[in-house]
Amino acid sequence: MRVGPITGLRKRSLGGLVLAIACLPGASAVAQTATDPLSGDTLSRPDGGLAPTPTLRGTTPSGPSGAAPSGEAPGGAATRSLTSRSGSALGSGVNSGANNRALTTQLRLRAAPPRRFGSATVRPTRSVTQVTPYDLRLTPVVQSAVVGVPLPTLLPLAGLQTPGFVLSSAFRQPATVDAAYAPLGIKLGTFTFLPAFQQGIGYDTNPDQITRRFAKSSVVSRTEAELGFRSDWSSSELSGDLRGAYLDFPDNQGASRPNANGITRLRVDANRDTRIDLEGRFVLETQRSGTPDLAAAVTSRPLIASYGTTAGVTETFNRLKLTVRGLVDRSEFEDAQLTNGTILRQSDRNLNQYGLNLRAGYEVSPDITPFVDILADTRVYDLRIDSNGARRDSDGLTLGAGAAFALTRFISGEVSLGFQHRTYNDPTLRDLTAPAISAAVTWAASPLTSVRLSATTGIVETTLPGSSGVYSQALSLEVQHDLLRNLSLVAGFGYLANDYDRVRINERGVSASARFDYRFNRWLALRGSYIYQRIDSSVQNSSFQSNTFLLGLRVNP
């Protein structure tokens, strides 16, 4: 049967080709409900009638009764013309049988891909907003009311830290873990929790951290628990890291002691240019009997606790960022029980610290942001006059300038230089002025090796008669190398210097550390560590050195 003349054309794009489908005369009598098989739209002819349903070459549209339209054989053989956009014929012919199949699933997906649920911007938005905004000077270090050395680059706290705590804290930061062995955590609602439990056993040559001739070695059992958590919000973030440990020395129970620290941060993205930061922190440590501020033999190590909070607002004006923060910290000392049975009161060392910090930073480029810092603080003791008759309340002013940088993909961090000045209420205590340095730099030397460098200086508190304070300096270096995807080696070095004002007491300390982590899977690892500590003091019987060996299992549920 001869096919009648073509009266109209309708073009549709399918897979990048233009399919011109000829409309046959008289088809309107058959296709009263003609629709587009892809979009479901009703088709119309140029003369106002309904156009027949377009089909691929050789396919057989069926009418209400399932019969082929007039002009086509029952087998679907008919003449079709494939035209270009200008209407010129690209080819013609009669096709039938197996070579003329209906629209395949693959072609349908190409023509109309399935709808994707969710927003395409969620992932890139989270990758930017969910990164913990570690501002290394959120709690500036040089104003900390401490007895020892503050190391916020290792532990971002404005708390109390003893020299022994500083020298053995190089491994407090979590080491990087290969993604195949990284713990997945526990998902609860919009939070991911990362609990961990570690049990180790080993040997300590000097658990009391006292002079060598009085040292009594012991087996050591260390029990440690950790909890980290992160929110999974599209904007803002709540995160935290909490850790607690207990060291038990069966052969020397007087040296058994706890230690703990923790920090939580809340970032609120009020709008595009305003950010609110809230932080809570605490640290728990113990004093050793050989420290200059506790030069007495004690039956057990007295506890030292520090806790505080910071609230700040950051406003962005194009490339300029202005930040205002308020800080409140409290430090408490437990009374010491001496070996002769008497109690040494230390309540005169309890104090509160209040501070106001202003920072202005200008983003020269995405890689470097210089800033200037101003910090004003005051330290107020619970007792107006301490046991030695001195009024140790003081006011401080710290000025600093530095830069946060990410010079390449491999080097990033923050460095700040300045000075601190403290004025004391007691006229017998002279004012102190000292350099204020804070630095934290991370270098990814290779995909398998990373280096972390931290340094800090500042003026810290003391109760020695005639001394206004202690100028402290601390430096730590840590190198991690991954021999295998599940085997990491970590080596660390620490340096400590304490110089007491006007009393000619000096302390110099060093530490060397080594550790390996062998991960069997995501939730179980074998950890072995060695720590060497040494402090040389100008005070008699205050120097010590110790060697600690530990081997244990770490579980990440």
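Residues numbered from 1 in each chain as written. Predicted model: local features only at pLDDT ≥ 70, side-chain atom pairs only at ≥ 80, totals over all residues. Heavy atoms only, no water.

### Concerning a nonpolar patch on the surface
So, point 1. Side chains of Phe-317, Leu-320, Leu-322, Tyr-362, Val-364, Ile-368, Leu-407, Phe-410, Ile-411 and Trp-443 sit close together on the surface and give an oily, nonpolar patch of about 880 Å² of accessible area.
So, point 2. Relative to the helices and strands, Trp-443 is located in strand 19 (residues 432–446). (Patch = residues over 30% accessible without salt bridge, like charges linked within 9 Å, V, L, I, M, F, W, Y side chains within 5 Å. Areas by Shrake-Rupley, 256 points an atom, 1.4 Å probe, with all protein chains shown as cover. Salt bridge = Lys/Arg side-chain N within 4 Å of Asp/Glu carboxyl O. Helix = DSSP H or I, 4+ residues; strand = E, 2+ residues; numbered from the N terminus.)

### Describing the packing of aromatic side chains
So, point 1. Counted under the stated rule, the structure contains five aromatic pairs.
So, point 2. Their ring planes at 80° and their centres at 5.6 Å tell us that Phe-191 and Trp-233 sit as a pair that is edge-to-face. Of this pair, Phe-191 sits in strand 6 (residues 191–204) while Trp-233 sits in the loop between strand 7 (218–231) and strand 8 (237–248), and the two are 42 residues apart along the sequence.
So, point 3. By relative accessible area, which is 26% here, Trp-233 ends up partly exposed.
So, point 4. Where Tyr-530 meets Phe-549, the ring centres are 4.9 Å apart and the plane angle is 35°; that geometry is what we call tilted. You can see Tyr-530 sitting in strand 24 (residues 524–537) and its partner Phe-549 sitting in strand 25 (residues 544–555), a full 19 residues away along the chain.
So, point 5. We classify Tyr-530 as partly exposed; its relative accessible area is 26%.
So, point 6. Taking relative accessible area as the criterion, Phe-549 reaches 41% and is therefore assigned partly exposed.
So, point 7. Members of the aromatic cluster, connected to one another through ring pairs, are Phe-191, Phe-193, Phe-229 and Trp-233.
So, point 8. The ring of Phe-371 is capped by Arg-359, whose NZ or CZ atom sits 3.7 Å from the centre of that ring. (Phe/Tyr/Trp six-rings, centres within 6.5 Å; stacked < 30°, edge-to-face > 60°. Buried < 20%, exposed > 50% of the residue type's maximum accessible area, 1.4 Å probe, protein only. Lys NZ or Arg CZ within 6 Å of the ring centre and 35° of its normal.)

### Let's talk about the pairing of strand 16 (residues 368–381)
So, point 1. By the bridge criterion, eleven bridges tie strand 15 (residues 351–362) to strand 16 in an arrangement that is antiparallel. Bridged to Leu-356 within strand 16 is Ala-376.
So, point 2. In this antiparallel pair of consecutive strands, strand 15 and strand 16, the connection spans five residues. (Pairing = 2+ DSSP bridges.)

### Things to note about the confidence of the model for the protein chain
So, point 1. Looking at the protein chain as a whole, its pLDDT mean stands at 77, while 69% of the residues score no less than 70.
So, point 2. For the protein chain, helix 2 (residues 122–129) is the element with the lowest average pLDDT, namely 39, and strand 6 is the one with the highest, namely 96.
So, point 3. Between residues 43–98, whose pLDDT stays under 50, and residues either more than four places distant or in other chains, the model counts 96 contacts.
So, point 4. Here residues 116–174 is a poorly scored stretch, pLDDT under 50, and it has 190 contacts once near neighbours within four places are set aside; other chains count. (pLDDT = per-residue confidence, 0-100. Contact = heavy atoms within 4.5 Å.)

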